[in-house]
Number of protein chains: 2
Amino acid sequence: MNQELKNRKSNIRNLFDEYGVDAILLACNMSLLYVSGRIISGYIYLSRDADMMFVKRPNNLKGDGIYSIRKPEQIQEILTQAGIPAPATLALEADELTYSEYTRLAACFPNSKILPAATQIIHRARTIKSALELDIFRRTGLAHTKAYNRIPSLFRPGMTDVELSIEIEHAMRQEGMLGQIRIFGQSMELFMGSLLAGDNAAAPSPYDFALGGAGTDASLPVGANGTPLLEGHSLMVDIGGNLNGYLSDMSRTYSVGRLPDEAYAAHEACLAVQKAFEENARPGVIAQDLYQMALEIVTKAGFADYFMGTVQKAGFIGHGIGLELNEQPVFAPRSKTRLECGMVFALEPKIVLPGIGPVGTENSWIVNSDKLEKITLCPDEIIDL
Amino acid sequence: MNQELKNRKSNIRNLFDEYGVDAILLACNMSLLYVSGRIISGYIYLSRDADMMFVKRPNNLKGDGIYSIRKPEQIQEILTQAGIPAPATLALEADELTYSEYTRLAACFPNSKILPAATQIIHRARTIKSALELDIFRRTGLAHTKAYNRIPSLFRPGMTDVELSIEIEHAMRQEGMLGQIRIFGQSMELFMGSLLAGDNAAAPSPYDFALGGAGTDASLPVGANGTPLLEGHSLMVDIGGNLNGYLSDMSRTYSVGRLPDEAYAAHEACLAVQKAFEENARPGVIAQDLYQMALEIVTKAGFADYFMGTVQKAGFIGHGIGLELNEQPVFAPRSKTRLECGMVFALEPKIVLPGIGPVGTENSWIVNSDKLEKITLCPDEIIDL
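The structure displayed is predicted, hence computed values, not measured ones. Position numbers for residues count from 1 along each chain, tracking the sequence in the order it is written. Chain letters start at A and ligand numbers start at 1, both assigned in the order the entries are written. Residues qualify for local features only when their pLDDT is at least 70, as the model is predicted, and side-chain atom pairs are given and counted only at 80 or more; totals for whole chains, interfaces and linings, by contrast, use all residues. With hydrogens and water set aside, each side-chain value is computed from the structure's full complement of heavy atoms.

A.B. asks: Got a sec to walk through the sheet that holds strand β18 (residues 372-374) of chain B? Specific residues and values, please.
C.D. replies: All names here are of chain B. The strand order across the open sheet formed by five strands is β13-β12-β14-β17-β18, and the pairing between neighbours is antiparallel. In this open sheet, the two edge strands, each paired with only one partner strand, are β13 (327-331) and β18. Strand-to-strand, the axes of this sheet are offset by a mean angle of 30 degrees, without reference to chain direction. Only strands that DSSP links by at least two bridges are regarded as paired with each other. Strands here mean DSSP runs of E at least two residues long; helices mean DSSP runs of H or I at least four residues long; both are numbered from the N terminus. Summarising the sheet, strand β14 (residues 344-347) and strand β17 (residues 363-367) pair through four bridges and their orientation is antiparallel. Across the sheet, residue Leu347 finds its bridge partner in β17, namely Asn363. Angles here are taken between N-to-C directions and fall from 0 to 180 degrees, while the axes themselves are lines fitted to C-alpha atoms, restricted in helices to the stretch in contact.

A.B. asks: Lay out the packing of helix α10 (residues 261-280) of chain B against helix α11 (residues 287-300) of chain B in plain terms, naming residues and giving numbers.
C.D. replies: Residues and elements named next belong to chain B. The geometry of α10 relative to α11 is characterised by a closest axis approach of 9 Å and an angle of 145 degrees between their N-to-C directions. As for how α10 packs across α11, the hand of that crossing is right-handed. Together, Ala269, Ala272, Val273, Ala276, Phe277 and Asn280 of α10 and Leu290, Met293, Ala294, Ile297 and Val298 of α11 make up the contact between the two elements. Two helices that cross are described as forming a left-handed crossing if the nearer one is turned anticlockwise from the farther one by less than a right angle, and a right-handed crossing if clockwise. We call two residues in contact when some of their heavy atoms are within 4.5 Å.

A.B. asks: Any details on the domain arrangement of chain A? Residues and values, ideally.
C.D. replies: Residue and element names in this part refer to chain A. Note that the domain bounds reflect an automated or database-derived domain assignment. Split into domains, chain A comes out as domain 1 (2-126) and domain 2 (128-384). Taking only C-alpha atoms, the centre of domain 1 and the centre of domain 2 are 35 Å apart. Contact with domain 1, which involves 13 residues of that partner, is made by 11 residues of domain 2. With both chains or domains summed, domain 1 and domain 2 bury close to 990 Å², and 52% of this area falls on carbon and sulfur atoms. Two parts placed together each lose some accessible area; with a 1.4 Å probe, that loss summed over both constitutes the buried area. Looking only at domain 1, the three residues that lose the most surface to domain 2 are Glu4, Met30 and Arg126, adding up to 54% of its buried area. Between Lys or Arg on one side and Asp or Glu on the other, a salt bridge is scored when a side-chain nitrogen of the former is within 4 Å of a carboxyl oxygen of the latter. Scanning the region where domain 1 abuts domain 2 turns up three salt bridges.

A.B. asks: Just give me the short version of the packing of aromatic side chains, but keep the residues and values in it.
C.D. replies: Pairing of aromatic side chains here covers Phe, Tyr and the six-membered ring of Trp, requires ring centres within 6.5 Å, and sorts the geometry by plane angle: under 30 degrees stacked, over 60 edge-to-face, intermediate tilted. Applying the stated criterion across every chain, the model contains 18 aromatic pairs over all chains. Each ring, one from Phe54(B) and one from Tyr67(B), has its centre 5.6 Å from the other, and the planes form 25 degrees; the classification is stacked. Here Tyr67(B) lies in strand β4 (residues 66-68) and Phe54(B) lies in strand β3 (residues 51-57), a separation of 13 residues in the sequence. By relative accessible area, which is 28% here, Tyr67(B) ends up partly exposed. Each residue in the set Tyr99(A), Tyr102(A), Tyr99(B) and Tyr102(B) is aromatic and connected to the rest through ring pairs, giving one cluster. Each residue gets one of three labels from its accessible area relative to the maximum for its type: buried under 20%, exposed over 50%, partly exposed in between, using a 1.4 Å probe on protein chains only.

A.B. asks: How would you sum up the interface of chain A and chain B? Please name residues and give values.
C.D. replies: The interface is formed by 57 residues belonging to chain A together with 58 residues belonging to chain B. In total, chain A and chain B occlude about 4800 Å² of area from one another, counting both sides; carbon and sulfur atoms represent 50% of this. Sorting the residues of chain A by area buried against chain B places Arg57(A), Tyr99(A) and Gln186(A) first, and these three jointly supply 15% of that buried surface. Inspection of the region where chain A meets chain B yields six salt bridges. With its nearest N and O atoms 2.7 Å apart, the salt bridge here joins Arg173(B) to Glu169(A). By the criterion applied in these results, polar contacts are pairs of N or O atoms within 3.5 Å in which, for protein atoms, one can donate a hydrogen and the other can accept it, and in which residues neighboring in sequence qualify only through two side-chain atoms. Seen at the junction of chain A and chain B, the total is 36 residue pairs in polar contact (both at pLDDT 80 or more). The element that contributes the greatest number of residues to the side of chain A that touches chain B is helix α9 (residues 161-174) of chain A, accounting for seven residues. Residues are sorted three ways: Asp, Glu, Lys and Arg are charged, Ala, Val, Leu, Ile, Met, Phe, Trp, Tyr, Cys and Pro are nonpolar, and all the rest, Gly among them, are polar. When grouped by side-chain class, the residues that make up the side of chain A that touches chain B number 25 nonpolar, 21 polar and 11 charged.

A.B. asks: Can you lay out the packing of helix α1 (residues 2-13) of chain B against helix α3 (residues 29-36) of chain B for me, pointing to particular residues and giving the numbers?
C.D. replies: All names here are of chain B. Between α1 and α3, the least distance of the axes is 7 Å, while the angle of their chain directions is 120 degrees. By the criterion of interaxial angle, the relationship of α1 to α3 is oblique. On the side of α1, the interface is formed by Leu5, Arg8, Lys9 and Ile12, while α3 contributes Leu33, Tyr34, Val35 and Ser36. Of the residues in the contact of α1 with α3, the class split is five nonpolar, one polar and two charged. For classification purposes, angles smaller than 35 degrees are called roughly parallel, those larger than 145 roughly antiparallel, those between 65 and 115 roughly perpendicular, and all remaining angles oblique.

A.B. asks: Give me the relation of the copies chain A and chain B: which residues, what numbers.
C.D. replies: Least-squares fitting of one copy onto the other uses the C-alpha atoms of those residues that reach a pLDDT of at least 70 in both copies. With an RMSD of 0.0 Å, the fit of chain A onto chain B corresponds to turning through 180 degrees and sliding 0.0 Å along the axis. A rotation of that kind, with that shift, is consistent with a two-fold axis.

A.B. asks: Can you explain the sheet that holds strand β3 (residues 51-57) of chain A? Please cite residues and give values.
C.D. replies: All names here are of chain A. Strand order across the open sheet formed by six strands is β4-β3-β2-β1-β5-β6, with mixed pairing between neighbours. Here the strands that pair on one side only, and so sit at the sheet edges, are β4 (66-68) and β6 (113-115). With direction set aside, neighbouring strand axes in the sheet form an average angle of 25 degrees. The sheet contact formed by strand β5 (residues 89-91) and β6 spans three bridges and is parallel. Across the sheet, Leu90 pairs through a bridge with Ile114, a residue of β6. The strands touched by helix α1 (residues 2-13) are β1 (23-26), β2 (41-47) and β3; relative to β2, the strand with the most contacts, the crossing angle is about 65 degrees.

Below, the structure written as structure tokens:
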């Protein structure tokens, strides 16, 4: 882990020039976890030469470069005592710190130019996963697969979507999942994931997920809404995995009895999108080109109107995953991100058929030089419960 | 609900003068939910005369004063078209919006003086709960009580803390809980709650909860850590309730077999703190005075060194609850908040005994004019599993 953390810091420092930054001060949980391997209440200061941790809580952390503080105003003084000059330019996490926290930290460095680039720098570094991180993804995918393989045995006739969801959440926890699903930004929320049955899959939500769902309460308007799981309808399980901090994303479609033929045709169109990604998503390919490719496949199959929702359509068909659910790359019409080895993403081609429900699939993939590697391993076909 | 929302807006507007504010623009989920009864991706603009909602998602919201937008830069133009002059002073949510979002919204109002007061104004309004909100709390407390009453039947000899926690989480969901536990600020995280057994209750966490616990993974260092539930040790369940957005907080102590006498004495000291609150916490009383009263009771009983943790002590013994877990009032050494009718808080006197584990209790309370009203109704004694 020591070498891993050294590499991460080195990757971050390698971005300093591009952003015109001499040092970076990190205060947000996922940044701290990424850079130090642990979450603290405190700050990490990283310059080309210095690497220091200022800790408010927990109070039992000791070690080289670890300083106990009560408030961020002490940081500058400690740096001075350590003979470290104020950085000419200092980056803060402008896209994650609150305005109040940002301005307070900026005031602690009156002689530095403050740049809002720290979130972008850390996100850039986090986009390419290391061998160690990829191993965590693979293990998470296996646990996710084990839990989903139990879904048919958790179903009982007469259940609602909420009731089945509760049993799957329980199975996920039993397979070792932490339960916590982290989403970047304050505006998107989710409890573990969603189960969407029948026409609830078309209900628009305020959140920017691939599909919405009405939810059961105005305070969490997403996902299962109490729909009974009835004969002839489909349902989609999209409950997130998190075994050791890194998320796996997998959706599967189930049916209660036989669905209308149209549903299987639509599902095949989604699998064709996935297959086209498997064949074409390689380092160097641009995300928006893969998005266009997918849209053409679905349009040719006659399902464009139902692709990624009906009343409200998602603007993307896939997204990077890592410590958070919404990382780079994003597969969307204007996404210029070029795929690179070590990226990890979820691809989720989904079609919502009025009167039937959702079909399609979602898997998590590692970008290797010669192929995509699937880490969520349940069969992709529609399973009859 | 219409009258309820009118009252909330009126309470918010009544704070405008105190903060020198002509209008407020809200963008954060809990503010939006509080003011409009729903979560949107968008903004609410509230001045003395105007009340408008600007919605990005969901795309199917219609009604008087609801405007569909793609980006916040359209707001000013819509206000102008509606004949609403730019506010002289506009408050934004400085303690919740990111620096980037805040500065973007501020730039949408170039002719207004921007004040960082919106979070404080909304939090002030949210501190005093309405009759409707109190009813939700009572129903949540009942569901919480039902789930906790099942805990003895969920225990099986040989279980670890994690295994029992998973079963309690499952029971909470079965009793209708949404699972989501919201905490103000980006730095504190929790999956549903914690179960702390034996010496793990003394493990410091980076989060500012009453007790910590090591957790099972560096990415979520809080709560259960895999400790086997052994004879002669205590465990404390502190899993949060959320039936309809409003949180109930309840902790209970359990034992596996008989504990050393010291544990029952320490538990009694915690119950004495709770009783003193029941007798003395009335409108007009200052939070820090109640904190001091509690500290004196525990000190006199001889447990001061173990009160609210050992290695790392919490700086508070109770906290307001509402849509989020950390609201006003806070019962801490320097908390000048004066209790008022309609406040709701959790009081959690807890003692951690080395070699035994945690004891104490936590209940959620409504401040009425003549008495505290308990909404979490399980028996307070230590239950032998």
